[in-house]
Amino acid sequence: MPILLDYERACQQTTDKTQREQIALEALNFLLQNTAPDQESEDEIALALEQEANAAPGEATPLPEGDLQLNDVLCAHLEAQLADFFPSIFRLQTFPDPAAALNLLARARMICQKVDTWRQYTYWTPLFDFLRNATPGQWRQWRSAVIAQQKARAAIGESKFSRAKRFALYGLQRLAGIADHRLYLDLCSRLENAIAEGDAYYCVALALGYWVVKESLVAGHYLRAAGMRHNLGNQLLLTGKNAEAIAVLEQAQQLCNDYGSVRDMPYYQINGLERLACAYLNRGEEQRGAEALARYEFYSRQPREHALHRLEKGCLAMRAGTHETAEQRFEEARQFAQGEDSTPKEFYHVWNAYLSLGWVCTLRRKPDAALANVQQALIHGEALEDFLNADRWCHYYLVLAEARMAKNELAAAQTALDSAEARLQDLDSPRRNMQCLLTKATLREAQGNASEAQTCRDQAIQIALANGFSTATIALLKMAVFN
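Model, not experiment: these values are computed from the prediction.

Conventions adopted
- Residues numbered from 1 in each chain as written.
- Predicted model: local features only at pLDDT ≥ 70, side-chain atom pairs only at ≥ 80, totals over all residues.
- Heavy atoms only, no water.
- Helix = DSSP H or I, 4+ residues; strand = E, 2+ residues; numbered from the N terminus.
- Expected span 1.5 Å × (residues − 1).
- Buried < 20%, exposed > 50% of the residue type's maximum accessible area, 1.4 Å probe, protein only.
- Contact = heavy atoms within 4.5 Å.
- Polar contact = N/O pair within 3.5 Å; in protein donor to acceptor, adjacent residues only side chain to side chain.
- Arc of directions from axis to C-beta.
- Core = buried A, V, L, I, M, F, W, Y, C linked by side-chain atoms within 4.5 Å.

J.: Mind laying out helix α7 (residues 136-157), listing which residues take part and the relevant values?
T.: The end-to-end C-alpha distance of α7 is 32 Å, a good match for the 32 Å that 22 residues give at a rise of 1.5 Å each. Regarding α7, the residues found buried are Trp-139, Trp-142, Arg-143, Ser-144, Ala-145, Val-146, Ile-147, Ala-148, Gln-149, Ala-152, Ala-155 and Ile-156. In this structure, the buried residues of α7 make contact with α3 (39-54), α6 (124-132), α8 (161-174) and α9 (181-199). The first or second residue beyond α7 is Ser-159, which carries a positive phi of 65°.

Rendered as structure tokens:
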């Protein structure tokens, strides 16, 4: 959508955080007002609502009895229980035991009032009252927004960012006029992810993400604040804003420590360790990076976590100069991400593993293997619609250029570099800028232009220093921005 790119450019042209936030919110409003009704999303949501209506009624989520002496942690637990209870409000009207239903509803409202009083932020009571008295049409609207948020989240996990954006916008449009600020923030966080990792409009997405964190903290929605900070840290790493990534990820870890017993909070704490390990390594703090990665390995259980762990172990091996071990770790990462069948379990990490294999094979002087892995990355990326955004195309072309240079195909390397530079034009990405400059330096040296090569390296070093990267050696800097 060209106009969204205009908002991205406007965001890039100012360093004022308040102004960036305003631009991001204007972009959000533009999308909501100018995105046409989506029949495909409507049909999927309608089917989900039908299945929900036809499912066995089950029992309402139980609520705690007795006098509740609140603190922040207990309050967060009660909020999780209320969130589970709210979907049953509408069907309690036809509960076989009316007296029990009324007792549950009265108990729920009392808890809502206590939580709002503790938080000093009115949210639960008015939402309960709205849902308690909602018409069937209003209830359907709210449930549609809830289901859309869930579908957007699932789509992000599958790297289907266009689908995620579609459902996030659908949910936000359905939520219009309904005072559910937490759900609004959850949907905004899904849209932020889709804009950042789908469209590569990093600047406007980051500004929106920081707004979500601010609003979530005010509302006591600590799970969303921690989750959004984790996502921001990941996006800042992708773009190469390493110092900012460390600050955000450390804030996320502190929030997770403070509210570690809150349901789902450990997920962000555990996965934040892997992102922090990467950031510390970028800054040259190898001991802290290795410690964070060791803690991450201890908690890793899922294929996604195993894949990420192997990718980081590969990066550590490369820094140690043991490139053969690095290649083994990257291949293990690919296998974990791929899973046991032909449908990748972790689409993005398969892509990342192939390019990491391509890069390490160039350093091992295995240019044919490097090109084969780069080609596999391309085939894989093109298999998913809209996956190859400007950022991923840029990364692909730069690894391709390095592989071409390893075969001494300098003209082909220049063509790949030109393609990367073209994709770089609208990206707010110090990382890709450094990659591009360091690749150009290697190519210019191969072409016999030592002076221009040194100029490129100097420019890359300046960007690295401004963004919290170690510049101890050019080789280590290149590893940091290529992996």
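J.: With reference to specific residues and values, describe the side chain of Asn-389.
T.: Within the element layout of this structure, Asn-389 appears in the loop between α18 (367-382) and α19 (390-406). A polar contact of 3.1 Å, which involves the side chain of Asn-389, links it to the backbone nitrogen of Asp-391.

J.: Got a sec to walk through helix α14 (residues 286-299)? Specific residues and values, please.
T.: For an α-helix the count is 3.6 residues per turn, leaving residues at separations of three or four pointing the same way. Helix length check: α14 (14 residues) gives 20 Å between terminal C-alpha atoms against 20 Å at 1.5 Å per residue, within 8%. Looking at α14, one finds that the buried residues are Gly-289, Ala-292, Leu-293 and Tyr-296. Taken end-on, α14 shows its buried residues confined to a sector of 100°, consistent with a single buried face. Set apart from the buried face of α14 by more than 90 degrees, the exposed residues are Gln-287 and Phe-298. Buried residues belonging to α14 abut α13 (265-282) and α15 (303-319).

J.: Describe the side chain of His-349, listing the residues and the values that go with them.
T.: Within the element layout of this structure, His-349 appears in helix α17 (residues 347-363). Discounting residues that sit within four places of it in the chain, His-349 has contacts with Arg-304, Ala-307, Leu-308, Leu-311 and Ala-337.

J.: Quick rundown of the nonpolar core? Include the residues and the values.
T.: Counting 145 residues, the largest nonpolar core has Phe-85, Phe-86 and Trp-142 as the members making the most contacts within it. Excluding residues that lie within four positions of it along the chain, Phe-85 makes contacts with Ala-60, Thr-61, Leu-63, Leu-92, Leu-104, Leu-105, Ala-108 and Phe-128. Core analysis: the second largest hydrophobic core is formed by ten residues, Ala-76, Leu-255, Cys-256 and Tyr-259 among them.

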